[in-house]
Amino acid sequence: MSDSTKICGLIGIATKAGKIVAGTDACIEEMQKGKVKLVLVAEDASERTKKTFEEEAKKYQITIYTILSIEELSKAMGKVNKAVIGIKDIGFSKKMISIINGGEVIG
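Summary of the structure given here. Since the structure is predicted, the reported quantities are computational estimates derived from the model, not experimental observations. (Residues numbered from 1 in each chain as written. Predicted model: local features only at pLDDT ≥ 70, side-chain atom pairs only at ≥ 80, totals over all residues. Heavy atoms only, no water.)

## Digging into the overall build of the protein chain
Of regular secondary structure, the protein chain possesses five helices and four strands. Walking the protein chain from its N terminus toward its C terminus, one meets helices and strands in the order α-β-α-β-α-β-α-β-α. In summary, the protein chain has a C-alpha radius of gyration of 12 Å against a globular reference of 13 Å for 107 residues, a match within 12%. Overall size of the protein chain, expressed as C-alpha extent along the three principal axes, is 35 × 25 × 25 Å. Per-residue burial for the protein chain yields a buried fraction of 43% across its 107 residues. Considering only contacts within the protein chain whose residues lie at least 6 apart along the sequence, 78% involve residues at least 24 apart. Element-wise, carbon and sulfur atoms account for 48% of the exposed surface of the protein chain, whose accessible area totals about 6000 Å². (Helix = DSSP H or I, 4+ residues; strand = E, 2+ residues; numbered from the N terminus. Rg over C-alpha atoms; globule rule 2.2 N^0.38 Å. Buried < 20%, exposed > 50% of the residue type's maximum accessible area, 1.4 Å probe, protein only. Contact = heavy atoms within 4.5 Å. Areas by Shrake-Rupley, 256 points an atom, 1.4 Å probe, with all protein chains shown as cover.)

Next up, the structure:
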């Protein structure tokens, strides 16, 4: 199982558990409230979106990764056209970070 498949699976589970916030405005709002633990930005998101979230993540000291495509992120959540998602649960965040960084957590 590839790392992107594992990440998509975790996104799906986290979505069903209500631990995901999707979309630019919603993510920024939840980041400002201190509820987002990890931000995932699609690789094919606009440069403006990437820059905005890099700045916001730095401001609020939130880990951010540019990973997967808009289609992959959206499909994993069962939504369409979502370039940015915020993970609100520390457990899901740690698992995803571990997988992204090459560590094996599940599988």
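Let's pick the thread back up.
## Notes on helix α1 (residues 3–16)
The first and last C-alpha atoms of α1 sit 20 Å apart over 14 residues, in line with the 20 Å expected at 1.5 Å per residue. Buried residues of α1: K6, I7, C8, L10, I11, G12 and A14, and no others. Elements in contact with the buried residues of α1: β1 (20–22), β2 (38–41), α4 (70–77), β4 (84–87) and α5 (90–100). One or two steps after α1, the chain reaches G18, where phi turns positive at roughly 75°. (Expected span 1.5 Å × (residues − 1).)

## Let's talk about the pattern of salt bridges
Per the counting criterion, the structure on display carries five salt bridges. Here E30 and K33 are joined by a salt bridge, their closest N and O atoms 3.6 Å apart. For K59, the salt bridge identified is with E56, shortest N-O distance 3.5 Å. Residue K59 and its partner E56 are located together in helix α3 (residues 47–59), separated by three residues, close to a single helical turn. Classification of K59 as exposed rests on a relative accessible area of 54%. Overall, E56 belongs to the buried group, its relative accessible area being 12%. By sharing partners, the salt bridges in this structure join E29, E30 and K33 into a single network. (Salt bridge = Lys/Arg side-chain N within 4 Å of Asp/Glu carboxyl O.)

## Quick look at α5
Residues F92, S93, M96 and I99 constitute the buried set of α5. Looking straight down α5, one finds its buried side chains confined to an arc of 130°; they lie on one side. Where the residues of α5 are buried, they touch α1, β2 and β4. Among the residues of α5, the N-terminal cap falls to D89, whose side-chain oxygen and the backbone nitrogen of G91 are separated by 2.9 Å. (Arc of directions from axis to C-beta. Polar contact = N/O pair within 3.5 Å; in protein donor to acceptor, adjacent residues only side chain to side chain.)

## Section: the pairing of strand β3 (residues 63–66)
Relative to β3, β2 is paired through four bridges, and the arrangement is parallel. Note that in β3 the partner of L40 across the bridge is Y65. Since β2 and β3 lie parallel, the crossover through α3 that links them has a hand, and here it is right-handed. (Pairing = 2+ DSSP bridges. Right-handed = clockwise from strand over helix to strand, strands pointing away.)

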